[in-house]
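# Per-entry structural report
Below are the chains, spelled out letter by letter.
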Amino acid sequence: MANTARLFRHGADRTVNGVSSLTGAVSAAASIWIFCLMLLICSDIIGRTFFNAPVQGVAEIVANSIVAIVFLQAGHTVMSGRMTRTDILIGSIEENRPFAAAVMRVFFHLAGIFVFALIALGTWPKLVDAWVENEFFGAQGVFTAPVWPIKACLFGGSLLSCLAFATQVLKDIKEILNSRRVEPLTIRHTVSLPPRGLPILIAFALILVLGYGIFVADLGRIGIGAATIGFMLLLIFSGAHIAVVLILLSFLGIWLIRDNPTVAVRSLALAADGAINRYLFGVVPLFVLMGLIVDTADIGRDAYRVAAWMLQKVRGGLGMATVAANAVFASITGISIASAAVFSRVAVPQMVANGYNNRFALGVVAGSSVLGMLIPPSLLLIIYGVLAEQSVGALFLAAIVPGVLLAFVFGAGIYLMARYRPKMVMQSDRPAVIEGETWGTAVVKLLPITALVIIVLGGIYTGFFTPTEAGAAGAAASIAVALAKRSLTWPRFWRVLVDTGLVSVSILLLIIAASMYSRMLTLSTIPQEITLLFSDAGLGLMGFMLIYLLIVVVMGMILDSTSIMLILLPLSLPIVTELGGDLIWFGIVTVIAVEIGLLTPPFGLTVYVVKATISDRNTTLGDIFAGTFPFVIMMTLVTLLLTFIPALSLVFE
């Protein structure tokens, strides 16, 4: 028996290593593909601007490439542990009950195998038809390309993802075999007490049995929809991959509602192939690429140094400089988590060295990082625009005043704390000293930042660039800046490309999952019924908004921003429309409310990012949460102000 277990472990290790190498190679090719798309879009911009000769078929190539890239990289995303999930429950179980956690992960990974096998099953007929019928995309006489290679990438990537999940099952089984559980206590050597983790497994098994009972029961459309929502929240909270949960439950829901598994498979294949097959979705990997390059080029550090030098003599000046630098960094990258990571390394040591309270320094970094998801170009606003079918450009314009307002409130709040509650901000009264800066060095550091802002935001606001083109131009410009600063080596650039793929795929897979989830909810008629419920209740738009904001903040404590929007928007958008709300205004309020949740205990994601980034291991999560509390209050006030005065978000409409 021991020899069999040893052979299994050895075979499992070799299999995992082999699959990891395979998925890594395929993912590397897809990462290079993203870079090539950037070059293609930039070539189109240059061709049409200077030579009146645009590159033909760019939009079609990008739209179809995004589908292929996502599924080619999905397997490596699984192998790298980067597919989005929450580890609230399973993280605690892994620490205290590793055997039970491993068994739970087996079920989660088997679900992943099942989901991607379904995608492959639904995609295979489309691949065959594309090959036999010689289907193409583009326009005859202008640009055409065969469809079958894209379908082949989707089909092959799905099978590779099945293989990746299967290796995770092998790893889980190996962990089960290796787990050293405490020997159970015995009574007279005959009756054993339950091993550690058994109650958790029993509860998990009961949940699965309950799910099967719902599956075979005749609940009706609304009952089926409600059951899928309940199980979705339960499984996500348990630690299952969010995209897998959404797809699996959507598939089962459509099967039950239409009483036809074939229709459910076709719906899944349609979502996998068509949900992100649009030129606009190219903006996701391109903005992620730009953000990672900007981080590599230390542009955030330069922005902070200049702002700190200019504000060092003001009460709370370094805290205000952090807000200002975060605002500038946000206007280039649009990712709050990136801001939190960058300024945890840059601003916190500088503030502490100049006599600032460590708790305040951490709080201002975490709090002001939310500007990254509000000040354009915001990746979250782009995702909202896609889900709500609203203009991304209009959302960017609408976010200007709220973004500036939030930054101003943060700055004013820091000044007031420094003036009237100095012990909250400073450990000593000595003034901050930032040496080594002059107006000349400040201008040199601000030039590349200004250039990137003009290229990205100026291009979008003037209509010269679409958001996708702005992402490509911004990424190319950031690479040029990084090369000029000699901060971009080949190893760093390759790491950036790989990370770009992994981050982008985790987001785009969620969008695919949300597309099918939204379709299932529509079939269940739950959005329509909830809309009628709020209409009949007479709460009005503002009454609904207060309830909605509370739900968003609570979910923000346990989920990431994208997942919250993908789960709630299919339910809430019809209600807002029915109650007469403006969807542009609703998007701005939603983004700020989501970010509030990322700063609140017990599981504020931004706070965990800051904790993981700082070098001081004596700082606790409680210290950071306490430091962010004033900023949570300020964000709440701004959110309520924007909620009750929609005109602030519609100044440029």
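Residues numbered from 1 in each chain as written. Predicted model: local features only at pLDDT ≥ 70, side-chain atom pairs only at ≥ 80, totals over all residues. Heavy atoms only, no water.

## Brief notes about the overall build of the protein
Stated precisely, the cut-off is as follows: Numbering of helices and strands runs from the N terminus; a helix is a DSSP stretch of H or I covering at least four residues, while a strand is a stretch of E covering at least two. Using a 1.4 Å probe on the protein chains alone, a residue whose accessible area is under 20% of its type maximum counts as buried, one over 50% counts as exposed, and one in between counts as partly exposed. Note on contacts: a residue pair qualifies if any of its non-hydrogen atoms lie within 4.5 Å across the two residues. Note on areas: these come from Shrake-Rupley sampling with a 1.4 Å probe, and a residue is covered only by the protein chains present in the view.
Regarding its fold elements, the protein presents 26 helices and four strands. Residue burial in the protein is summarised as follows: out of 653 residues, 54% are buried. In the protein, the share of contacts with a sequence separation of at least 24, taken over all contacts with a separation of at least 6, comes to 80%. Accessible surface, the protein as shown: approximately 27,300 Å² in total, 66% of it carbon and sulfur.

## Looking at the packing of helix 20 (residues 490-524) against helix 21 (residues 526-537)
Under the convention used in this document: Between N-to-C directions, angles span 0 to 180 degrees; the directions come from axes that are lines fitted to C-alpha atoms, helices contributing only their stretch in contact.
It is the contact of helix 20 with helix 21, at a shortest axis distance of 5 Å, that shows an interaxial angle of 65°. On helix 21, the residues that touch Leu521, Thr522 and Ser524 of helix 20 are Ile526, Pro527 and Gln528.

## Observations regarding a nonpolar patch on the surface
To be explicit about the condition: Each patch groups residues whose relative accessible area exceeds 30% and which form no salt bridge, using 9 Å between like charges and 5 Å between nonpolar side chains of Val, Leu, Ile, Met, Phe, Trp and Tyr. When a carboxyl oxygen of Asp or Glu is within 4 Å of a side-chain nitrogen of Lys or Arg, the pair counts as a salt bridge.
Side chains of Trp124, Val128, Trp131, Val132 and Trp148 sit close together on the surface and give an oily, nonpolar patch of about 530 Å² of accessible area. Sort the elements by how many residues they give to the nonpolar patch and helix 4 (residues 98-132) lands first, with four residues. One can find valine 132 in helix 4. The exposure class assigned to valine 132 is exposed, which follows from its relative accessible area of 57%.

## Looking at unusual backbone geometry
For glutamate 389, which is not glycine, the phi torsion reads 55° and is therefore positive. Considering the arrangement of structural elements, one finds glutamate 389 in the loop between helix 15 (379-388) and helix 16 (392-420). With relative accessibility at 69%, the residue glutamate 389 sits in the exposed group. Of note in the backbone geometry, arginine 486 takes a positive phi value of approximately 60° without being a glycine. Examined against the element boundaries, arginine 486 turns out to sit in the loop between helix 19 (467-484) and helix 20. Looking at arginine 486, the relative accessible area reads 79%, which means it is exposed.

## Observations concerning the pattern of salt bridges
The final tally for this structure, using the stated rule, is eight salt bridges. Note that arginine 48 is salt-bridged to aspartate 44, the shortest N-O span being 3.9 Å. Here the residue arginine 48 and the residue aspartate 44 both occupy positions in helix 1 (residues 2-50), the gap between them amounting to four residues, near one helical turn. Accessibility expressed as a relative area gives 27% for arginine 48, which makes it partly exposed. Exposure remark for aspartate 44: the relative accessible area of 7% places this residue in the buried category.

## Considerations on the environment of serine 535
Summarising the element assignment, serine 535 is placed in helix 21. The class of serine 535 is partly exposed, set by a relative accessible area of 30%. On a C-alpha basis, the gap between serine 535 and isoleucine 575 in space is 8.2 Å, while along the polypeptide they are 40 residues apart. Not counting the four nearest positions on each side in its chain, serine 535 is found in contact with Glu578 and Leu579.

## Here we look at helix 4
Note: α-helices contain 3.6 residues per turn, so residues at a spacing of three or four share the same orientation. As a reminder of what qualifies: A helix is expected to span 1.5 Å for every residue after the first. The quantity called bend is, for any residue, the angle between two axes fitted respectively to the seven residues ending at it and the seven beginning at it.
For helix 4, built from 35 residues, the straight-helix expectation of 51 Å at 1.5 Å per residue is met to within 8% by its first-to-last C-alpha distance of 50 Å. Approximately 30° is the largest bend angle found in helix 4, and it occurs at threonine 123, with the proline proline 125 only one to four residues beyond. Asparagine 134 occupies a position one or two residues after helix 4 and carries a positive phi of about 55°.

## Details of the pairing of strand 2 (residues 143-146)
Cut-off, in case you're wondering: Two strands pair if DSSP finds at least two bridges between them.
Burial of the side chains of strand 2 is restricted to one face: Phe143 and Ala145 are buried, whereas none of Thr144 and Pro146 on the reverse face is. Pairing of strand 1 (residues 136-139) with strand 2 involves four bridges; the strand directions are antiparallel. Note on strand 2: the bridge partner recorded for phenylalanine 136 is proline 146.

## Points about the side chain of serine 478
Put simply, the rule reads: Whenever a nitrogen or oxygen atom comes within 3.5 Å of another N or O atom, the pair is scored as a polar contact, on the condition that within protein one atom can donate a hydrogen and the other can accept it, and that pairs from neighbouring residues in sequence are kept only if both atoms are in side chains.
Along the chain, the position of serine 478 falls in helix 19. Residue classification places serine 478 among the buried residues on the basis of a relative accessible area of 0%. A distance of 2.7 Å separates a polar side-chain atom of serine 478 from the backbone oxygen of alanine 475. Residues contacting serine 478, with those up to four places away along its chain left out, are Met290, Ile293, Val294 and Leu452.

## A word on helix 16
Taking 1.5 Å per residue, 29 residues should reach 42 Å; helix 16 reaches 41 Å between its end C-alpha atoms and fits that length. A maximum bend of about 35° is found in helix 16 at alanine 399, where proline proline 402 lies one to four positions downstream. Near the N-terminus of helix 16, the side chain that reaches the backbone nitrogen of glycine 393, with its oxygen 3.4 Å away, is that of serine 391.

## Remarks on the packing of aromatic side chains
Our working definition: Pairing of aromatic rings covers Phe, Tyr and the six-membered ring of Trp, with a centre-to-centre limit of 6.5 Å; geometry is then stacked below 30 degrees between planes, edge-to-face above 60, and tilted otherwise. For a Lys NZ or an Arg CZ to count as sitting over a ring, it must be within 6 Å of the ring centre and within 35 degrees of the ring normal.
By the definition in use, this model includes 14 aromatic pairs. Among the aromatic residues, those joined into a ring-pair cluster are Tyr384, Phe544, Tyr548 and Phe586. The ring of phenylalanine 464 is capped by arginine 48, whose NZ or CZ atom sits 5.6 Å from the centre of that ring.

## As for the packing of helix 16 against helix 26 (residues 621-644)
Selection criterion: Reported orientations rely on four angle classes, namely roughly parallel under 35 degrees, roughly antiparallel over 145, roughly perpendicular from 65 to 115, and oblique for the rest. Each crossing is labelled by how the near helix is turned from the far one, with a counterclockwise turn of less than a right angle marking it left-handed and a clockwise turn marking it right-handed. Each residue gets one label: Ala, Val, Leu, Ile, Met, Phe, Trp, Tyr, Cys and Pro are nonpolar, Asp, Glu, Lys and Arg are charged, and the others, such as Gly, are polar.
Contact geometry of helix 16 with helix 26 gives a least axis separation of 10 Å together with a crossing angle of 140°. The pairing of helix 16 with helix 26 is recorded here as oblique in orientation. Note that helix 16 runs across helix 26; the crossing there is right-handed. Contacts between helix 16 and helix 26 involve Pro402, Leu405, Leu406, Val409, Phe410, Gly413, Ile414 and Met417 on the former and, on the latter, Pro630, Phe631, Met634, Met635, Val638, Leu641 and Leu642. Residue composition of the contact of helix 16 with helix 26, by class: 14 nonpolar, one polar and no charged.

## Some remarks on the nonpolar core
Note the threshold: Nine residue types can take part in a nonpolar core, namely buried Ala, Val, Leu, Ile, Met, Phe, Trp, Tyr and Cys, and a core is a set of them joined through side-chain atoms within 4.5 Å.
Core analysis: the largest hydrophobic core is formed by 213 residues, its most contacted members being Phe116, Tyr304 and Met351. Leave out the neighbours within four places in its chain, and methionine 351 touches Tyr304, Leu318, Gly319, Thr322, Tyr356, Phe360, Ala361, Val364 and Val365.

## What about the confidence of the model for the protein?
Stated precisely, the cut-off is as follows: As a per-residue measure, pLDDT tells how confident the predictor is, with possible values from 0 to 100.
In this model, the protein carries a mean pLDDT of 82, and residues with pLDDT of at least 70 account for 88%. Per-element averaging of pLDDT across the protein places strand 3 (residues 186-187) at the bottom with 36 and helix 2 (residues 58-79) at the top with 92. Across residues 181-196, where pLDDT falls below 50, the model places eleven contacts with residues more than four positions away in sequence or in other chains.

## Focus on the environment of lysine 423
Note on placement: lysine 423 falls in helix 17 (residues 422-425). With 67 residues separating them along the chain, lysine 423 and tyrosine 356 place their C-alpha atoms 9.1 Å apart.

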